[in-house]
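What follows is the residue order along each chain.
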There are 2 protein chains.
Amino acid sequence: MRIIIDAMGGDNAPDAMISGAVLAARELDAELVLVGRGAEILQALERQGMATLPKGMEVANAEDVVEMHDDPATVVRKRRDSSMVVGLRMLAEEKGDAFVSAGSTGALLAAATLIVKRLPGIRRAAMAPVLPTASGRCVLIDCGANAEVTPEFLLQFACLGAFYAKRALGVQDPKVCLLNIGTEDTKGTDLQRQTYRLLQGLGEKGVIRFGGNIEARDVPLGGADVVVADGFSGNVLLKTMEGTAKFLTQELKGVFLQSPLTKLGALFCRKGIGALKAKMDYRQVGGTPFLGITKPVIKAHGSSDAVAVCNAIRQAAEAVRGDLAAAIEAHLDEITVPKESDHGA
Amino acid sequence: MRIIIDAMGGDNAPDAMISGAVLAARELDAELVLVGRGAEILQALERQGMATLPKGMEVANAEDVVEMHDDPATVVRKRRDSSMVVGLRMLAEEKGDAFVSAGSTGALLAAATLIVKRLPGIRRAAMAPVLPTASGRCVLIDCGANAEVTPEFLLQFACLGAFYAKRALGVQDPKVCLLNIGTEDTKGTDLQRQTYRLLQGLGEKGVIRFGGNIEARDVPLGGADVVVADGFSGNVLLKTMEGTAKFLTQELKGVFLQSPLTKLGALFCRKGIGALKAKMDYRQVGGTPFLGITKPVIKAHGSSDAVAVCNAIRQAAEAVRGDLAAAIEAHLDEITVPKESDHGA
């Protein structure tokens, strides 16, 4: 397995990307290709006390870098020599099995769609982060790539999410639910009501296990293995979870710092608190895969450090082993619906 | 001030409603009218060791009760003798200044709109819960009453929320933000982009202080005093906050119960943890006001206990003092926009 890494994307690039890759190289049975400015990559390695590239790691040169303010739509054309575009081209040309980048989300999605292409029959690629929940973890699809969707898009997201949960994360028979503002099938807007019927049909055919509507409250409580949402409300769910966890962590810190006694109390609970913080930490989750693309493309958090990058690379390896493309191809008939059922039509 | 209370609505009615009213009567300078089956109300009072009605409390008889499965659209007609409908009629007939119910949300919204009516010029009533945040509290409007909205609805929600925060909650110059998936004015769907421009205009006229778009992550972190959203994504935000807080509280409990040492640690932090739990507890917030109705109507949580009911009654009193109707009337021109700017038109 060969994983291609955008060495120049992200707030802490190239250092975090490179030290993350070094961590991953020790643990994974995979070759890693760092794409970016060769000289800067070697300097970063030197800063970390390495005179040469570690075993199993290569460098592919790319002199340009995609900036955060670049228009995603023009990146492929205007930044053709950037680490992101060069890396994605290598993936498309089968010079690697997966691509990891901490660069601009919009640019990565647009470039991956243009260069690596969508799976046959798939209308839109979606972002599918893995969230920590009371019962383990759950795949949320979409969380921002598609603010406006049709019932057909959501039908496909449901399949992509289910196949990903099953094949890459090892969930036996994932329960797929539709994010809604109530559990009854009449709840929500036309979009949810139409999607509900499509997902019900897919469930009856045995393509997915459809668990009905889920309210946002039950997502962190572990009510589903896969949560299907339009990109707007999925993004609201993801970001609210992040913000609430941060808010509560801050408040808890305040509680622990109140007095010498509470500081001692916190010390007694240190191990458990640390584990809980780690569970809620985006860095442990790794990155967000774009599902619907022919090959695994993983978006690492923009502010990723070495640990986060290493986890994103591990996630890329899981996705390669999952071989989502094969799962999608086996069910292409069921997940393509006639155009007239589009939302609003 | 006279506050009318639906004694029969909610999971724990009539007992919780009545003991909540008894608590509120001790603290508030207001007359309280309990609407419901007279005999059951008196029995509930007896169960709480009271032979007669406490001072300042009255009973208005209503023999029927709205059930959770009743169709909201037909409640006013089919349940005309219910405690909810009778209570709202009393409010409309000026036999009280506010109404509190823990009954069906949909029924309460439909009946309040039909019986108590919307404020002149206001297109839709909205649910506006008050959320705990890192910087205090924030009003979220809407959170589920209107799954589908137009930019004009959102413009009006922004004003209703701002006036409520200012007049009822005492926030001097509330910062009003639009919930979106990014902060730039190009983010989101047409709905958000059109609404952004309307809110910007309202800000320039000085009707509200518009703080631009807000991402869901920054809502619990205290980024705004008023968050404007369509009912669908507002509901997702509210419920995700609830679910994440519950998830983390459960996890934290697990940490504290790990060993005798962690149990001791938890004991040392008991007071602070208790205060934090109370801060995140829906019962402390009280109920959710329906803004846009001519008089204050407060929805208490269906599973309210006495403390939650008492807080909802206190919130009703705050709303009466806030006199939202007067604020809206003063700005009627600014918050009514021509129909052609409706979403999708």
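Everything below is about the structure printed above this text.
Each chain carries its own residue numbering, running from 1 in the written order of its sequence. Following the order in which they are written, the chains are lettered starting with A and the ligands numbered starting with 1. For this predicted model, a pLDDT threshold of at least 70 governs which residues receive local features, and a threshold of 80 or more governs which side-chain atom pairs are given and counted, while totals over whole chains, interfaces and linings are taken from all residues. The basis for every side-chain value is the complete set of heavy atoms in the structure, and neither hydrogens nor water enter the calculation.

## Digging into the overall build of chain A
Okay, so step 1: Only DSSP runs of H or I reaching four residues or more are called helices, and only runs of E reaching two or more are called strands; each is numbered from the N terminus. Each helix and strand counted, chain A has 13 helices and 12 strands in total.
Okay, so step 2: Our radius of gyration looks at C-alpha atoms and nothing else; its globule reference is 2.2 Å times the residue count to the power 0.38. The C-alpha atoms of chain A give 21 Å as radius of gyration, which agrees with the globular expectation for 345 residues (20 Å, within 12%).
Okay, so step 3: Taken along the three principal axes of its C-alpha coordinates, chain A extends 60 × 60 × 35 Å.
Okay, so step 4: Evaluated residue by residue, chain A yields a buried proportion of 56% over its 345 residues.
Okay, so step 5: By definition, residues are in contact when any of their heavy atoms lie within 4.5 Å. Considering only intrachain contacts with a sequence separation of at least 6, the fraction spanning at least 24 residues in chain A is 73%.
Okay, so step 6: To be clear on the numbers: accessible area is Shrake-Rupley with a 1.4 Å probe, and residue cover counts the displayed protein chains and nothing else. Per element, the accessible surface of chain A, about 13,600 Å² overall, is 49% carbon and sulfur.
Okay, so step 7: Residues scored as charged are limited to Lys and Arg (positive) and Asp and Glu (negative), so that His and the chain ends carry no count. Taken as the charge centre is NZ of Lys, CZ of Arg, CG of Asp or CD of Glu, depending on the residue. Across chain A, the 39 positively charged side chains and the 41 negatively charged ones have centroids separated by 4 Å. Relative accessibility decides the category of a residue: with a 1.4 Å probe and only protein chains considered, values under 20% of the type maximum give buried, values over 50% give exposed, and everything between is partly exposed.

## Quick look at the relation of the copies chain A and chain B
There are two copies of the chain, and a rotation about an axis plus a shift along that axis relates them.
Okay, so step 1: When chain A is fitted to chain B, the residual RMSD is 0.0 Å, and the transformation amounts to a turn of 180° plus an axial shift of 0.0 Å. What we have between these two chains is a two-fold relation. Across chain A, the rotation axis passes nearest the C-alpha of glycine 265 of chain A, at a separation of 1.8 Å.
Okay, so step 2: The overlap is high: 100% of the interface residues of chain A also sit at the interface in chain B, so the same surface is used on both sides. Fitting of the copies onto one another was done by least squares over C-alpha atoms, counting residues only where both copies have pLDDT of at least 70.

## Looking at the side chain of aspartate 230 of chain A
Okay, so step 1: Within the fold, aspartate 230 of chain A resides in the loop between β10 (226–228) and α8 (231–256).
Okay, so step 2: When a carboxyl oxygen of Asp or Glu is within 4 Å of a side-chain nitrogen of Lys or Arg, the pair counts as a salt bridge. Although aspartate 230 of chain A is buried, it forms no salt bridge, and the closest oppositely charged side chain is arginine 193 of chain B at an N-O distance of 12 Å.
Okay, so step 3: Here a polar contact is taken to be a pair of N or O atoms separated by no more than 3.5 Å, where protein atoms must pair a possible hydrogen donor with a possible acceptor and residues adjacent in sequence count only if both atoms sit in side chains. At a separation of 3.0 Å, a polar atom in the side chain of aspartate 230 of chain A contacts the main-chain amide nitrogen of phenylalanine 232 of chain A.
Okay, so step 4: A distance of 2.4 Å separates polar atoms of two side chains, one belonging to aspartate 230 of chain A and the other to serine 233 of chain A.
Okay, so step 5: Once residues lying within four places of it in the same chain are set aside, the contact partners of aspartate 230 of chain A are Asp142, Asn146, Ala147, Val149, Leu154, Leu191 and Gln192 of chain A together with Phe232 of chain B.

## So, the pattern of salt bridges
Okay, so step 1: Per the stated rule, a full pass over the model turns up 30 salt bridges over all chains.
Okay, so step 2: Where glutamate 152 of chain A meets arginine 123 of chain A, a salt bridge forms, and the shortest distance between an N and an O atom there is 2.1 Å. Taken as a pair, glutamate 152 of chain A in helix α6 (residues 151–167) and arginine 123 of chain A in the loop between α5 (105–115) and β5 (126–127) lie far apart in primary sequence, 29 residues in all. Summarising the burial analysis for this pair, glutamate 152 of chain A and arginine 123 of chain A share the class buried.
Okay, so step 3: A salt bridge links arginine 37 of chain B to glutamate 40 of chain B; its shortest N-O distance comes to 3.3 Å.
Okay, so step 4: Exposure remark for arginine 37 of chain B: the relative accessible area of 25% places this residue in the partly exposed category.
Okay, so step 5: You can call glutamate 40 of chain B partly exposed: its relative accessible area is 28%.

## Quick look at the sheet that holds strand β12 (residues 297–299) of chain B
All names here are of chain B.
Okay, so step 1: Across the sheet, 7 strands lie side by side as β3-β2-β1-β4-β12-β11-β5; this open sheet has mixed pairing. Both outer strands of the open sheet, β3 (57–61) and β5 (126–127), are each paired with one neighbouring strand and no more.
Okay, so step 2: Relative to strand β11 (residues 288–291), β5 runs antiparallel, the two sharing 2 bridges. Counted as the bridge partner of methionine 127 is phenylalanine 290 from β11.
Okay, so step 3: Note on geometry: axes are C-alpha line fits, over the in-contact stretch for helices, and angles between N-to-C directions span 0 to 180 degrees. Docked against the sheet, helix α2 (residues 38–47) engages β2 (31–36) and β3, running at close to 120° with respect to β2. In this description, strands pair whenever DSSP reports at least two bridges between them.

## A word on the pairing of strand β6 (residues 130–133) of chain B
Residue and element names in this part refer to chain B.
Okay, so step 1: Of the two faces of β6, the one holding Val130 and Pro132 and the one holding Leu131 and Thr133 are both buried throughout.
Okay, so step 2: Two strands pair when backbone bridges link them, and β6 and strand β7 (residues 136–141) are joined in this way by 4 bridges, in the antiparallel orientation. The partner of proline 132 across the bridge, within β7, is arginine 137.

## Brief notes about α2 of chain B
Residue and element names in this part refer to chain B.
Okay, so step 1: Within α2, the full set of buried residues consists of Gly38, Ile41, Ala44 and Leu45. Projected down its long axis, α2 shows its buried positions confined to an angular sector of 125°, all on one face. The exposed set on the far side of α2, more than 90 degrees from its buried face, consists of Ala39, Glu46 and Arg47.
Okay, so step 2: Contacts made by the buried residues of α2 are with α1 (15–27), β2 and β3.
Okay, so step 3: In the segment just after α2, glycine 49 is the residue with positive phi, at about 80°. What the arc describes is the spread of directions from the helix axis to the C-beta atoms.

## Things to note about the interface of chain A and chain B
Often the size quoted for an interface is simply the accessible area lost on bringing the parts together.
Okay, so step 1: Facing the 52 residues of chain A at the interface are 53 residues of chain B.
Okay, so step 2: Throughout, buried area stands for the accessible area (probe radius 1.4 Å) lost by two parts on being put together, summed over both. Summed over both partners, the interface of chain A with chain B comes to about 4,500 Å²; 76% of that surface belongs to carbon and sulfur atoms.
Okay, so step 3: Broken down residue by residue, the surface that chain A buries against chain B is led by Phe232, Phe247 and Phe268 of chain A, which jointly contribute 15%.
Okay, so step 4: Scanning the region where chain A abuts chain B turns up 6 salt bridges.
Okay, so step 5: For the salt bridge of lysine 239 of chain A with glutamate 215 of chain B, the shortest nitrogen-to-oxygen distance reads 2.4 Å.
Okay, so step 6: If you look at where chain A meets chain B, you find 8 residue pairs in polar contact (both at pLDDT 80 or more).

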